[in-house]
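# Architecture and fold: a report
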Amino acid sequence: NQQIHNLQLQIDYFQRRERERKMEKNMKFPVVDLSKLNGEERDQTMALINEACENWGFFEIVNHGLPHDLMDKIEKMTKDHYKTCQEQKFNDMLKSKGLDNLETEVEDVDWESTFYVRHLPQSNLNDISDVSDEYRTAMKDFGKRLENLAEDLLDLLCENLGLEKGYLKKVFHGTKGPTFGTKVSNYPPCPKPEMIKGLRAHTDAGGIILLFQDDKVSGLQLLKDGDWIDVPPLNHSIVINLGDQLEVITNGKYKSVLHRVVTQQEGNRMSVASFYNPGSDAEISPATSLVEKDSEYPSFVFDDYMKLYAGVKFQPKEPRFAAMKNASAVTELNPTAAVETFQKWI
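Now for a look at the structure at hand. Just so it is clear, the model here is predicted, and its values are computed rather than measured. Starting from 1, residues in each chain are numbered consecutively following that chain's sequence as written. Predicted model: local features are reported for residues with pLDDT of at least 70 only, side-chain atom pairs are reported and counted for 80 or more only, and whole-chain, interface and lining totals are derived from all residues. With hydrogens and water excluded, all non-hydrogen atoms of the structure serve as input to the side-chain values.

### Concerning the packing of helix 3 (residues 68-96) against helix 4 (residues 133-161)
- In this description, a line fitted to the C-alpha atoms serves as the axis of each element, helices being fitted only across the stretch in contact, and the angle between N-to-C directions of two axes falls anywhere from 0 to 180 degrees. Strands are runs of DSSP state E lasting at least two residues, helices are runs of H or I lasting at least four, and both sets are numbered from the N terminus onward. It is the contact of helix 3 with helix 4, at a shortest axis distance of 10 Å, that shows an interaxial angle of 130°. Overall, the two elements helix 3 and helix 4 adopt an arrangement that is oblique. Read as a crossing pair, helix 3 and helix 4 show a hand that is left-handed. Counted together, Leu70, Met71, Lys73, Ile74, Met77, Thr78 and His81 of helix 3 and Glu134, Tyr135, Ala138, Met139, Asp141, Phe142 and Arg145 of helix 4 form the full contact between these two elements. Each angle receives one of four descriptions, namely roughly parallel if under 35 degrees, roughly antiparallel if over 145, roughly perpendicular if within 65 to 115, and oblique otherwise. Working rule for handedness: look at the near helix, and if it is turned counterclockwise from the far one by less than a right angle, call the crossing left-handed; if clockwise, right-handed. By definition in these notes, contact holds between two residues if any of their heavy atoms fall within 4.5 Å.

### Remarks on the side chain of arginine 320
- Mapped onto the elements of the fold, arginine 320 is located in helix 8 (residues 317-325).
- A relative accessible area of 1% places arginine 320 in the buried class.
- Definition of a polar contact: a pair of N or O atoms within 3.5 Å, with one able to donate and the other able to accept a hydrogen when the atoms are protein atoms, and with sequence-neighbouring residues admitted only if both atoms are side-chain atoms. Within the structure, arginine 320 has its side chain in polar contact with the backbone oxygen of glutamine 315 (distance 3.1 Å). Exposure categories follow from relative accessible area, calculated using a 1.4 Å probe and restricted to protein chains: below 20% of the type maximum is buried, above 50% is exposed, and the middle band is partly exposed.

### A few points about the packing of aromatic side chains
- For this analysis, a ring pair means two rings from Phe, Tyr or Trp (six-membered ring only for Trp) whose centres lie within 6.5 Å, classed as stacked if their planes differ by under 30 degrees, edge-to-face if by over 60, and tilted for the remaining angles. Tallied over the full model, the rule gives 10 aromatic pairs.
- With centroids separated by 5.5 Å and ring planes inclined at 80°, the aromatic side chains of phenylalanine 29 and tryptophan 56 adopt a geometry described as edge-to-face. With phenylalanine 29 in the loop between helix 1 (2-27) and strand 1 (31-33) and tryptophan 56 in the loop between helix 2 (42-55) and strand 2 (58-62), this pair connects stretches of sequence that are 27 residues apart.
- Of the residues examined, tryptophan 56 reaches a relative accessible area of 5% and is grouped as buried.
- Among the aromatic residues, ring-to-ring pairing joins Tyr297, Phe300, Tyr305, Tyr309 and Phe321 into one connected group.
- Charge-over-ring contacts are defined here by two conditions on Lys NZ or Arg CZ: a distance within 6 Å of the ring centre and an angle within 35 degrees of the ring normal. Seen from the ring of phenylalanine 314, arginine 200 lies directly overhead, with NZ or CZ sitting 3.9 Å from the centre.
- The positively charged end of lysine 224 is found above the aromatic ring belonging to tryptophan 56, 4.9 Å away from the centroid.

In structure tokens, the structure reads:
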């Protein structure tokens with residue numbers, strides 16, 4: 001049966017090439033050393049950031065100035081908090097929703113345990129009852145440092161885009177200042193990863209996102225050229241991704257990108273994602289200098305976009321943009337998905 005043998009050889013070859021092609025993409029994932037901005041390699045580093053924003057919507061930064069001992073403390077306390085305060089709640093949730101014995105694929109629930117911290121415009125840290133004072137203090141320090149880092153990164157984006165320094169921060173400010181909050185997540189081991197996602201595919205609604213993720217347990221993936229690419233877990237790195245608002249303001253020069261979290265059979269993945277977003281009354285529109293003729297992107301108030309996003313988070317972003325451009329079309333989007341949204345803490 002030579003024909004069958006030859007066919008199997010061809011299948012094996014194409015499967016191997018496909019694996020190699022994905023590995024090549026994974027190896028090219030942009031990692032930016034921010035310390036090089038202060039030396040002779042500044043131009044190359046800025047070009048790498050620009051290329052990442054244009055073609056990936058994601059990049060990973062190292063030597064970002066966040067103290068490693070603070071990051072280690074946040075990681076330890078986040079994992080300890082899950083064990084002592086959230087693990088049982090998560091297991092109870094699985095039982096209540098019939099997810100403790102997965103038999104068929106689940107597409108309307110995420111395999112994650114979360115809580116939310118609001119930093120701006122007003123902190124809610126003191127209102128979170130089951131967080132220790134030590135954890136609260138560390139999270140406040142971490143949040144302030146991330147806020148400053150987010151604003152520095154926005155200025156780097158301005159420089160690459162030819163916008164005046166502070167332009168993005170000013171747009172995000174509105175009349176009340178930006179919104180800044182942290183989603184603290186754990187993705188526990190899942191016995192049947194093929195049946196459920198840790199977090200379903202979506203783009204982020206807001207501005208710039210700074211993620212401190214587990215450096216041992218992977219799971220975050222982004223969609224690039226039709227392939228799901230792993231975001232590599234690196235020790236003491238921060239993963240940056242761009243939200244829908246930056247796609248609108250840059251008139252599509254930079255893109256928000258679909259991403260998801262896949263579940264793993266072993267290991268509990270930690271994710272501390274901080275969202276630096278426009279204020280609720282911020283007026284969002286494409287920057288005039290980046291528009292040659294008419295823009296296909298809408299102009300809107302950020303809070304109106306969030307009200308729409310809350311119901312259609314896991315649907316494509318393009319109909320959201322179209323709906324904001326033609327407000328009367330909002331009801332046609334059928335906002336049915338029940339999702340955790342920023343409305344909790346903005």
